[in-house]
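# Survey of secondary and tertiary structure
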Amino acid sequence: MKSPVTSRPESSVQDMFAQSVAVLSRPSPATFERFERRGGLTSALTYVMIAAVVSAVIAALFAGLHSDVTFFGQLLSRLISIPLGFLAYTGAVYLIGRTLFKGTGTYAEVAYSFALFYVPLSIVSTLLGIIPILGWLVMFVIGLVMIYFGFLAAQSSLNLRDQTQAIVTLVLAWIAQLIVAGAIGGLISALFTAGRVISGN
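Residues numbered from 1 in each chain as written. Predicted model: local features only at pLDDT ≥ 70, side-chain atom pairs only at ≥ 80, totals over all residues. Heavy atoms only, no water.

Of regular secondary structure, the protein possesses seven helices and zero strands. In the protein, the order of α-helices and β-strands from amino to carboxyl end is α-α-α-α-α-α-α. Across the 201 residues that make up the protein, the buried fraction comes to 41%. Taking all contacts inside the protein whose residues are at least 6 apart in sequence as the whole, residues at least 24 apart take part in 76%. Surface accessibility of the protein: about 10600 Å² in total, with carbon and sulfur atoms responsible for 74%. (Helix = DSSP H or I, 4+ residues; strand = E, 2+ residues; numbered from the N terminus. Buried < 20%, exposed > 50% of the residue type's maximum accessible area, 1.4 Å probe, protein only. Contact = heavy atoms within 4.5 Å. Areas by Shrake-Rupley, 256 points an atom, 1.4 Å probe, with all protein chains shown as cover.)

Below, the discussion takes up the side chain of Ser20. Mapped onto the elements of the fold, Ser20 is located in helix 1 (residues 13-25). With relative accessibility at 1%, the residue Ser20 sits in the buried group. Polar side-chain contacts of Ser20 include one of 2.6 Å to the backbone oxygen of Leu116. Not counting residues within four places of it along the chain, the set of residues in contact with Ser20 comprises Tyr47, Leu116 and Pro120. (Polar contact = N/O pair within 3.5 Å; in protein donor to acceptor, adjacent residues only side chain to side chain.)

With the rule as written, the count across this model stands at three salt bridges. Across the salt bridge formed by Glu33 and Arg161, the nearest N and O atoms sit 2.6 Å from each other. Remark: Arg161 occurs in the loop between helix 6 (135-157) and helix 7 (163-199) and Glu33 occurs in helix 2 (residues 29-35); sequence separation between them is 128 residues. Across the salt bridge formed by Arg37 and Glu109, the nearest N and O atoms sit 3.3 Å from each other. Of this pair, Arg37 sits in the loop between helix 2 and helix 3 (41-61) while Glu109 sits in helix 5 (residues 107-129); the two residues are 72 residues apart in sequence, bridging distant segments of the chain. Looking at Arg37, the relative accessible area reads 42%, which means it is partly exposed. According to the relative accessible area criterion, Glu109 is buried, its value standing at 1%. Shared partners join several salt bridges into a network, and the residues in it are Glu36, Arg37 and Glu109. (Salt bridge = Lys/Arg side-chain N within 4 Å of Asp/Glu carboxyl O.)

Set out below in structure tokens:
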């Protein structure tokens, strides 16, 4: 039985960017298969943190275009939500795929495969999302694109050749991510509220 995280050589950011271009331009389980063992969990998380920083800076700099957000609010929310959202979602994909459908991939393979499309698409989403009128529409479209690439990555990294199994895995993982995100959001809100009460504001 494979361990959840298998030690393997780590890829550089430049290598991962080139691999991202490959999977985005030639989407298929076979393309993901070529790269899923090129790097490990450290590479995936480093790549995701780069996306979090870039997205946070972009969103913060353009916060003035939106009346309902602030510079520091955008900065902190992106730095926290992007890596935590990635970990929650890929963790759920791995656990559900392995438990329900006997997937044979490791968590490192799942995280690495998903990072290859998640990072560039999340940055593009942030860039286009700063447009006040088109922002929500753009994020919706990119969300659909992410679902499609997640479908391909799940088939590859977990070796789920049954398409229905891959779809069910993604849907259940999405629900699990929403629950985790809601819990984290509630905790952060509670901390801010407690801070205001303590400070008297």
